[in-house]
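# Structure at a glance
Listed here are the chains, written in short residue letters.
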Amino acid sequence: MMDRVRIAPSPTGPLHIGTARTALFNFLHARHVEGTFVLRLEDTDVARSTLAFEKDILEGLHWLGMDWDEGPEVAGDGSRGPYAPYRQMQRLPSYAAAAELLLAADQAYPCFCTSEELAADRQAQEAAKLPPKYVGRCAGLTSEERAAFVAEGRRGALRFRVGEGVVAFDDLVRGHVEIDVSNLGGDFVIVRSDGTPLYHFTVVVDDAAMQITKVIRGEDHLSNTPKHILLFRALGYQVPEFAHLPLILNADRSKMSKRKSQTALDDYIAQGFIREALVNYLALLGWSSGNEDEVLSIDEIIARFDINAIHKGGAVFDRERLEWLNGQWIRRLEPDELIDRLRPFVAAELAAGRIERMPSDEELRSLLPVVQERLPTLGAIGDLVGFLWVEDVAVEPAMLVPKRWDVETTRAGLAAARELIAHAGAVSFEADELEPPLRALAEARGWKAGDLFMAIRVAVTGRTATPPLFDTLVALGHERALARIDRAVEVLDGG
RNA sequence: GCCCCCAUCGUCUAGAGGCCUAGGACGCCACCCUUUCAAGGUGGAGAUCAGGGGUUCGAAUCCCCUUGGGGGUACCA
């Protein structure tokens, strides 16, 4: 079956993790069935829509690895696909035509109620403990009455007649759903009094125009679906199938929101989450492969994706699990790939003044063996080995002294270690050459090797948790290693 | 309020009547590995399958009720 699905974001904010997930499910289904994935921008909320957000959304989807078969080429302009344009504000004529059709058939009518009247109605209904609903004041206006309003200079909004009855549909994930039209809140506005169309209207006109066969979207639209179905029918369009995805939740199980969670994809990218992990994680929120495989590439997910296996219950966004998956995927990256992805994060450290020079690709490459399995996110690189890229590290005297040692022992340990390291470095400076003599030194003095190593570690890095010591010394280089030990001894002496 | 949807370890989930004294993963704890930190390995705690009724020889799985949670209810999308 040639399914056509779509993601229809509103450029009223940066790409939201929930939008990305909905896009992903549409994309996965499209690719799994070899259908068509359409991207449409719903920018009818002119006041809140911006080109910057549009750009952010398109770039974010691309970054995640989702390419659309039809849709805007880039932010601002350019479209590809037979149903262009794919921006609603450029499709105004088609909404106007559809509105005209409904008006002519009296399935919609102009409403001249003022916002004050509407607010008063709502207040009265609330006071009477009744559900809010349009009272239908303008539903029966004669053409003379309408003309009179127009003569007054008032411009009407267009309301759709919902009529009576029960709307039923078979949701691909929820099963059979029925909603009585009387619960829809009365005749609803489809075109504002300023002439711009509203979401419930445009979404139907466009899904029909773009031949969408399956509408895969968040569960928050489930209750609105009858409105859409009514519109599809009134316009004489074929009703598509629906699949309502479970919501992504905050820790308190309410709908994921900016207020309680980090929702902008950009923020995850900035922290060093990689696309493989994000895609993998998002796909597993509300869907599972059915077996115990969890670390899956996008291609593996496409191969296994099944719209019928989508869950019904909402899923709490668990950042810890995302981080674990991110680590899994960072460890799977090829060296060159990892270096490429790490570079901007090192540059960011430099820009932030946390390091003082930019390491070369070769230097980064030499670090990969000790760094790759220690990065939960790319953004952790500075914290992990940033001490390599600064001239001096700040060393706390107290931290310098291992738990079992006193100041005097530490001084002696560092001094003796310095001699050995200086000597070792005279020949070659490699991790294998460093360990035996230092271990021997500890044994000769009756020290625990770990204590000696810890003193050196803190001396050269300023921290107690680092990659393996000997690799660290080598990465630091002979000269700097010695200099830092000298400096640490000074610090110990109260310098 | 009204309408709709949902309900398995803290979290993501496996489970589509007997394979379940409910499996995996994250997180947590312990141990192993080990120079610290990670990674990795092993093991453990953690769910009377929200509660109550049915149906059935047999229910986490089917039905009903209750409870809880969520979503919707705009001239936002």
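The residue numbers shown here count from 1 along each chain, following its written sequence. Numbering of ligands from 1 and lettering of chains from A proceed in the order in which they are written. Only residues with pLDDT of at least 70 are given local features in this predicted model, and only at 80 or more are side-chain atom pairs given and counted; all residues enter the totals for whole chains, interfaces and linings. Only hydrogens and water are set aside when side-chain values are computed; all heavy atoms of the structure are taken into account.

Side chains Val167, Phe169 and Asp171 of strand β7 (residues 166–171) all project onto a buried face; the interleaved residues Val166, Ala168 and Asp170 project onto a face where none is buried. Of the strand pairs in this sheet, β7 and strand β8 (residues 175–180) are connected by six bridges, and their pairing is antiparallel. Across the sheet, the residue bridging to Val167 is Ile179, located in β8. A pair of strands is considered paired only if DSSP assigns at least 2 bridges between the two. In this text, helices come from DSSP runs of H or I with a minimum length of four residues, and strands from runs of E with a minimum of two, each type numbered from the N-terminal end. Between β7 and β8, which pair antiparallel in sequence order, lie three residues. Only protein chains enter the accessibility calculation, which uses a 1.4 Å probe. A residue is then buried if its area is under 20% of the maximum for its type, exposed if over 50%, and partly exposed in between.

Moving on, we get to the packing of aromatic side chains. Between rings of Phe, Tyr and Trp, where Trp is taken as its six-membered ring, a pair exists when centres lie within 6.5 Å; planes separated by under 30 degrees are stacked, by over 60 edge-to-face, and by other angles tilted. Applying the stated criterion across every chain, the model contains eleven aromatic pairs. Here the aromatic rings of Trp287 and Phe305 are separated by 5.4 Å at their centres, their planes lie at 40°, and the arrangement is tilted. Within this pair, whereas Trp287 is found in the loop between α9 (275–283) and α10 (298–304), its partner Phe305 is found in the loop between α10 and β13 (315–316), the two being separated by 18 residues in sequence. Here the aromatic rings of Phe453 and Phe470 are separated by 5.1 Å at their centres, their planes lie at 85°, and the arrangement is edge-to-face. Of this pair, Phe453 sits in helix α18 (residues 449–461) while Phe470 sits in helix α19 (residues 469–476), and the two are 17 residues apart along the sequence. For the pair formed by Phe453 and Phe470, the shared burial category is buried. An aromatic cluster is present here, built from Tyr268, Phe273, Tyr281 and Phe317 joined pairwise through their rings.

Moving on: the protein's contact with RNA strand B. Consider each residue's heavy atoms; a residue with any of them within 4 Å of a molecule or strand counts as near. Taken together, 64 residues lie near RNA strand B, and Ser10, Asp45, Glu373, Arg439 and Arg457 sit nearest. Sugar plus phosphate: this is where 71% of the atoms of RNA strand B within 4 Å of the protein reside. For RNA strand B, a sugar or linking oxygen lies 3.0 Å from a polar atom in the side chain of Arg321. As used in this structure description, the phrase polar contact means that two N or O atoms lie within 3.5 Å; if the pair is within protein, one of them must be able to donate a hydrogen and the other to accept it, and residues adjacent in sequence are counted only when both atoms belong to side chains. In the environment of RNA strand B, a sugar or linking oxygen lies 2.8 Å from a nitrogen or oxygen atom belonging to the backbone of Thr464. Sorting elements by how many residues they give to the surface near RNA strand B places helix α11 (residues 319–332) first, with five residues. Each residue receives one of three labels: charged for Asp, Glu, Lys and Arg, nonpolar for Ala, Val, Leu, Ile, Met, Phe, Trp, Tyr, Cys and Pro, and polar for the others, Gly being one of them. In the surface near RNA strand B, the residues fall into 23 nonpolar, 18 polar and 23 charged.

Definition used for salt bridges: Asp or Glu carboxyl oxygen within 4 Å of a side-chain nitrogen of Lys or Arg. Evaluated as defined, the whole model comprises 38 salt bridges. In this structure, Arg174 engages Glu219 in a salt bridge whose closest nitrogen and oxygen atoms are separated by 3.7 Å. One end of the pair, Arg174, is in the loop between β7 and β8; the other, Glu219, is in the loop between β10 (214–218) and α7 (225–234), with 45 residues separating them in the sequence. Close ionic contact of Arg343 with Asp340 constitutes a salt bridge, the shortest N to O distance being 3.1 Å. Linking Arg343 with Asp340, this pair stays in helix α12 (residues 335–351), spanning three residues, or about one helical turn. Classification of Arg343 by relative accessible area gives partly exposed; the value is 29%. Through salt bridges that share partners, Arg6, Arg40, Glu42, Arg91, Asp206 and Asp207 make up one connected network.

Attention now moves to the side chain of His478. Turning to its location among the elements, His478 is positioned in helix α20 (residues 478–492). A polar atom in the side chain of His478 sits 3.4 Å from the backbone oxygen of Ala422. Note on contacts: a residue pair is in contact if any heavy atoms of the two residues lie within 4.5 Å. Not counting residues within four places of it along the chain, the set of residues in contact with His478 comprises Ile421, Ala422, Gly425, Ala426 and Phe429.

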